[in-house]
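Coordinate analysis (summary)
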Amino acid sequence: MVVNEVYADGYKNLSEVNITLDKRMNIFCGDNAQGKTNLIEAVWLCSGCRSFRGSREKEFIGFTKDFADVRIKFTDSFRSQEIRFAAKKGNVRDKIVTLNGVKLPLMSKLFGSFQCVVFTPDDLNLSKGSPDNRRIFVDLAVSQIKGSYVGALSTYNNVLIQRNAFLKNYTKNGGDINSIEVWDEQLAKAGAYISVLRNTYCNKLNLYTKSLYNSIASGKEQLNLYYQSTVFPDLNGRKDNDSSLIDAYINKLKKNIDDDIRAGFTTIGVHRDDIVTEIDGQPARYLGSQGQSRSIAIVMKLAQAEILKSEKGEYPVMLLDDVMSELDAGRQSFILNSIENMQVLITCCDERFISEMTGGKVFYLKNGRVVNGK
């Protein structure tokens, strides 16, 4: 998959950006706050995902602009396509999202059309940070492969909010605890489905991360990664349409109801699960060094790209946002060698990357504009 052209105007500080990209390496240079990351973020949004920086939609439009317009033209193994995202200030929710000229009701409907993987400095703490970050990573990765997963996540989160509200009210005011069963059934149906797909993905992820980590560590350490469910002791071999898993999920919720009442919220479920990484059998979250933690994050992101290739038949576009400056020369080299078959969009402030380039394009940004390119 290759992005051929990018147009962005009014998206944050970007102004009249209209560039043709190289099929392999594209470097965006400039000082801080000149628009490099905004450009990467604009491309990322065309995958149907939320901002990787946590930006809200109303923040997409620049302070001095009334309208934001982002378009990419890209080619996959079958055809050339175009995605457009546009929004007006004061009415961002009524945004325009189109795929090949056809209007889509939601950004998430773009999932599966344009495939990319983004790697940021925040991702370097993937193995040591909060389980929330690892769940988000896996949820996004699964969503890129299976469109129905997005709906299951939305359903689960909505039901969880209502179940937690019921528990909070019951803890305060009492009532009929059996009324919670209506939420349990819905939570279990979505939760069982999510659990199986997460576990299946983590098994695939483990195969790739093992091999990649073996290379980056020169065979001196072994990495193991697995999905840790708070509901199911073992999900291997289970199918996402297995009704017995729903029953097991409901029973687990019932057994845990006293803990939930005391806490005033749902204490088990896919919202509490984790993706565990171990180095030589020891938990990397607590015992891994900074170097090991960064190596794990690198191989997890690279493995995500490899799984997309295996599932979709082509490599995604790789977006590297200022991540190289955070790594030593060995890990920088490992990443660049591992993505040689992908188109890369990379932001940096280090002129060394430009001097070492033997091909590709370099774009210089200043005050949201591309002022020079080669």
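Residues numbered from 1 in each chain as written. Predicted model: local features only at pLDDT ≥ 70, side-chain atom pairs only at ≥ 80, totals over all residues. Heavy atoms only, no water.

1. Some thoughts on the overall build of the protein chain
The number of helices and strands found in the protein chain is 10 helices and 15 strands. The C-alpha radius of gyration computed for the protein chain amounts to 22 Å, which stays within 12% of the reference 21 Å derived for 374 residues, consistent with globular compactness. When its C-alpha atoms are laid out on the principal axes, the protein chain stretches across 70 × 55 × 40 Å. Each of the 374 residues in the protein chain was classed as buried or not, and the buried ones make up 51%. (Helix = DSSP H or I, 4+ residues; strand = E, 2+ residues; numbered from the N terminus. Rg over C-alpha atoms; globule rule 2.2 N^0.38 Å. Buried < 20%, exposed > 50% of the residue type's maximum accessible area, 1.4 Å probe, protein only.)

2. Quick word on the sheet that holds strand β10 (residues 274-279)
Backbone hydrogen bonds are what pair the strands of a sheet, in a parallel or an antiparallel way. If you trace the 3 strands from one edge of the open sheet to the other, you get β9-β10-β11, paired in antiparallel fashion. Only two strands of the sheet have a single neighbouring strand rather than two, namely β9 (223-228) and β11 (282-283). Contacts from helix α4 (residues 181-216) reach β9 and β10, with the element oriented near 175° to β9. Sheet contacts for helix α8 (residues 290-312): β9 and β10; angle to β10, the most-contacted strand, approximately 125°. (Pairing = 2+ DSSP bridges. Contact = heavy atoms within 4.5 Å. Axes fitted to C-alpha atoms, helices over the stretch in contact; angles between N-to-C directions.)

3. Description of the environment of P121
Mapped onto the fold, P121 is located in the loop between β8 (116-119) and α2 (131-145). Taking relative accessible area as the criterion, P121 reaches 26% and is therefore assigned partly exposed. Between the C-alpha atom of P121 and that of M324, which follows or precedes it by 203 residues, the distance is 8.5 Å. With near-sequence residues (within four places) excluded, P121 lies in contact with D321, D322, V323 and E326.

4. Side note on unusual backbone geometry
A negative phi angle is the norm for most residues apart from glycine, just as the trans form is the norm for most peptide bonds. Despite not being glycine, S218 has its phi angle at roughly 55°, a positive value. Along the polypeptide, S218 turns up in the loop between α4 and β9. With a phi angle near 50°, N367 is a residue other than glycine that sits in the positive phi range. Structurally, N367 can be placed in the loop between β14 (361-366) and β15 (369-373).

5. Some points on the packing of helix α3 (residues 148-173) against α4
Pairs of packed helices are described in terms of their axes, by the angle between the two and the distance that separates them. α4 packs onto α3 with a crossing angle of 140° between their chain directions and a minimal axis gap of 9 Å. With respect to each other, α3 and α4 are oriented oblique. By crossing handedness, the relation of α3 to α4 is classed as left-handed. Judged by residue contacts, S148, Y149, A152, L153, T155, Y156, V159, L160, Q162, R163 and F166 of α3 engage W183, D184, Q186, L187, A190, G191, Y193, I194, L197 and R198 from α4. By residue class, the composition of the contact of α3 with α4 is 13 nonpolar, 5 polar and 3 charged. (Parallel < 35°, antiparallel > 145°, perpendicular 65-115°, else oblique. Left-handed = near helix turned anticlockwise from the far one by under 90°. Nonpolar A, V, L, I, M, F, W, Y, C, P; charged D, E, K, R; others polar.)

6. Here's the deal with the pattern of salt bridges
Think of it this way: side chains of opposite charge can pair up when their charged atoms draw near. In the structure shown here, the tally under the stated rule is 16 salt bridges. The salt bridge involving D274 is made with R134; its shortest N-O contact spans 2.8 Å. In this pair, D274 sits in strand β10 while R134 sits in helix α2, placing the two residues 140 residues apart along the sequence. Here D274 matches R134 in class, with each residue buried. Here R294 ties to E326 by a salt bridge, and the two come within 3.9 Å at their closest N and O atoms. Of this pair, R294 sits in helix α8 while E326 is found in the loop between β12 (317-321) and α9 (329-338), placing the two residues 32 residues apart along the sequence. For R294, a relative accessible area of 18% corresponds to the buried category. (Salt bridge = Lys/Arg side-chain N within 4 Å of Asp/Glu carboxyl O.)

7. Quick look at α2
In a regular helix each residue adds 1.5 Å, so 15 residues correspond to 21 Å; α2 covers 22 Å between its end C-alpha atoms and thus fits that length. P131, R134, R135, F137, V138, D139, A141, V142, S143 and Q144 are the residues of α2 that are buried. The inward-facing, buried residues of α2 abut β8, α3, α4, β10, α7 (284-287) and α8. (Expected span 1.5 Å × (residues − 1).)

8. A few points about the environment of S333
For S333, the location among the structural elements is in helix α9. The partly exposed category is assigned to S333, whose relative accessible area is 36%. Placed 318 residues apart in sequence, S333 and S15 show a C-alpha to C-alpha distance of 33 Å.

9. Quick notes on the packing of aromatic side chains
Throughout the structure, instances matching the rule amount to 4 aromatic pairs. Ring plane angle 50° and centroid distance 5.2 Å describe the contact between F74 and F114, whose orientation is recorded as tilted. Separated by 40 residues along the polypeptide, F74 in strand β4 (residues 67-75) and F114 in the loop between β7 (102-103) and β8 bring together distant segments of the chain. By relative accessible area, F74 is classed as buried at 0%. A relative accessible area of 1% places F114 in the buried class. (Phe/Tyr/Trp six-rings, centres within 6.5 Å; stacked < 30°, edge-to-face > 60°.)

10. As for helix α5 (residues 243-255)
When the terminal C-alpha atoms of α5 are compared, their 19 Å separation across 13 residues agrees well with the 18 Å that a helix rising 1.5 Å per residue should span. Taken together, the buried residues of α5 touch α3, α4 and α6 (257-263).

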